[in-house]
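One-letter residues, chain by chain:
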Amino acid sequence: MRVIALTGGVGAGKSLVLSILENEYKAEVIKADEVAHELMKPGREGYVKIVETLGDHILKADGTIDRKILSQCIFRDDRIRKAVNEIIHPLVWKNIKGKISSSQAGLIVVEFAIMGEKAEVGYDEMWYIYASEPVRIRRLFENRGYEREHSERIIASQAKEADYLARCDRVIRNDGSIEEIRDQLAEILNNRGQNET
Ligand SMILES: CC(C)(COP(=O)(O)OP(=O)(O)OC[C@H]1O[C@@H](n2cnc3c(N)ncnc32)[C@H](O)[C@@H]1O)[C@@H](O)C(=O)NCCC(=O)NCCS
Ligand SMILES: Nc1ncnc2c1ncn2[C@@H]1O[C@H](COP(=O)(O)OP(=O)(O)OP(=O)(O)O)[C@@H](O)[C@H]1O
């Protein structure tokens, strides 16, 4: 079993790379953000602690956490982001470790945008998906409707490029076309073997 950690900032193209790895390389994909959302559903460990810490103004009428409100809290206030991260991230990594140890897949890819010290899930190599900030801001505006200011706030809250580069074994460049991404993945996984960094 080979475990690849896949990281990069918002809008860099992680989901795109994951979909290619899942569909064309039969990888099992684990998304940290999806795990976090599971753990923030009513009654789950993350939900209880986050509501205790932030208060019930973050809840919708049906009792679920309102992601719009949580997003505004997280990206407008560093202290709130840190508090939420401290609650949710240890639970996320524990859950992901469990998923990896019970998996039978030959290739597992764990995706996360956050480079905290606790982001250690026993991976074999870490890939950094890179696209320049202007390209990311444009794609997020065109495809997700994010205003420039919102994208810039998220980018400011995430690891800097130098931090990603210092931690990663491999850089996948995604400033160009989807075909260029496919070519890079084929070269890494087919031609030169999965072990090479
Ligand atoms: C902040 C939330 C509410 C935003 O939800 P929303 O549906 O608007 O957008 P989405 O989930 O697509 O997130 C947008 C992007 O924000 C970035 N992001 C999410 N959480 C964080 C965070 N804690 N710190 C920095 N960036 C983050 C990621 O690049 C993500 O892809 C949501 O992402 C969330 O619940 N985050 C807390 C859980 C978490 O830390 N997840 C990250 C992996 S553990
Ligand atoms: N090479 C590319 N060419 C054109 N569009 C792209 C390319 N790569 C990514 N995109 C588009 O840019 C947007 C952001 O990409 P994606 O969702 O894969 O980023 P991400 O790193 O997963 O972001 P997040 O951290 O928010 O999850 C998507 O709409 C995606 O379709």
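Rules used in this analysis
Residue numbers restart at each chain and count upward from 1, following the sequence in its written direction. Think of it this way: whatever chain is written first is A, whatever ligand is written first is 1, and the rest follow in order. Owing to the predicted nature of the model, reporting of local features is limited to residues with pLDDT of at least 70; listing and counting of side-chain atom pairs is limited to 80 or more, with chain, interface and lining totals taken over all residues. Angles shown run from 0 to 180 degrees and are taken between the N-to-C directions of axes, each axis being a line fitted to C-alpha atoms and, for helices, limited to the stretch in contact. Under the DSSP-based scheme used, a helix requires at least four consecutive residues in state H or I and a strand at least two consecutive residues in state E, with every element numbered from the N terminus. Note on terminology: angles under 35 degrees are roughly parallel, angles over 145 are roughly antiparallel, angles of 65 to 115 are roughly perpendicular, and the others are oblique. With the far helix as reference, a near helix turned anticlockwise by less than a right angle produces a left-handed crossing, and one turned clockwise produces a right-handed crossing. We call two residues in contact if the C-beta atoms placed from their backbones are at most 7 Å apart. Under the convention adopted here, Pro, Cys and the residues Ala, Val, Leu, Ile, Met, Phe, Trp and Tyr are nonpolar, Asp, Glu, Lys and Arg are charged, and Gly plus all remaining residues are polar. For the exposure call, what matters is how many other C-beta atoms sit within 10 Å of a residue's own: 20 or more marks it buried, 12 or fewer exposed, and in between partly exposed, using C-beta atoms placed from the backbone. By definition, two strands form a pair when at least two bridges between them are found by DSSP.

> Tell me about the packing of helix α6 (residues 133–144) against helix α7 (residues 148–157), residues and numbers included.
Axis separation between α6 and α7 bottoms out at 9 Å; the angle between their running directions is 130°. Here α6 lies oblique to α7, going by the angle between them. Crossing handedness for the pair α6 and α7: right-handed. Residues Glu133, Arg136, Ile137, Leu140 and Phe141 of α6 form the contact with α7, whose own contacting residues are Arg148, Ser151 and Ile155. A breakdown of the residues in the contact of α6 with α7 according to their chemical character gives 4 nonpolar, 1 polar and 3 charged.

> So, the pairing of strand β4 (residues 125–130): which residues are in play, and what are the values?
For β4, the tally of buried residues reaches 5 of 6 residues, placing the bulk of the element in the interior. Bridge count between strand β1 (residues 2–7) and β4: 4 bridges; the pairing is parallel. Looking across to β4, one finds that Thr7 is bridged to Tyr128. Strand direction decides the pairing type here: β4 and strand β5 (residues 170–173), joined by 4 bridges, are parallel. Counted as the bridge partner of Tyr128 is Val171 from β5.

> Would you mind going over the environment of Leu185 in detail, with residue names and values included?
With respect to the helices, strands and loops of the structure, Leu185 is situated in helix α9 (residues 178–191). For the pair Leu185 and Ile172, spaced 13 residues apart in sequence, the C-alpha to C-alpha distance is 8.2 Å. For Leu185, the residues in contact, after removing those within four places along its chain, are Ile20 and Leu21.

> Got a sec to walk through the packing of helix α2 (residues 32–39) against helix α5 (residues 78–101)? Specific residues and values, please.
The angle between the axes and the distance between the axes are what describe a pair of packed helices. Contact geometry of α2 with α5 gives a least axis separation of 9 Å together with a crossing angle of 110°. Taken together, the axes of α2 and α5 lie roughly perpendicular to each other. Crossing of α2 over α5 shows right-handed handedness. Taking contact as the criterion, the partners of Ala32, Val35, Ala36 and Leu39 in α2 are, on α5, Ile88, Leu91, Val92, Asn95 and Ile96. Its residues assigned to classes, the contact of α2 with α5 comprises 8 nonpolar, 1 polar and no charged.

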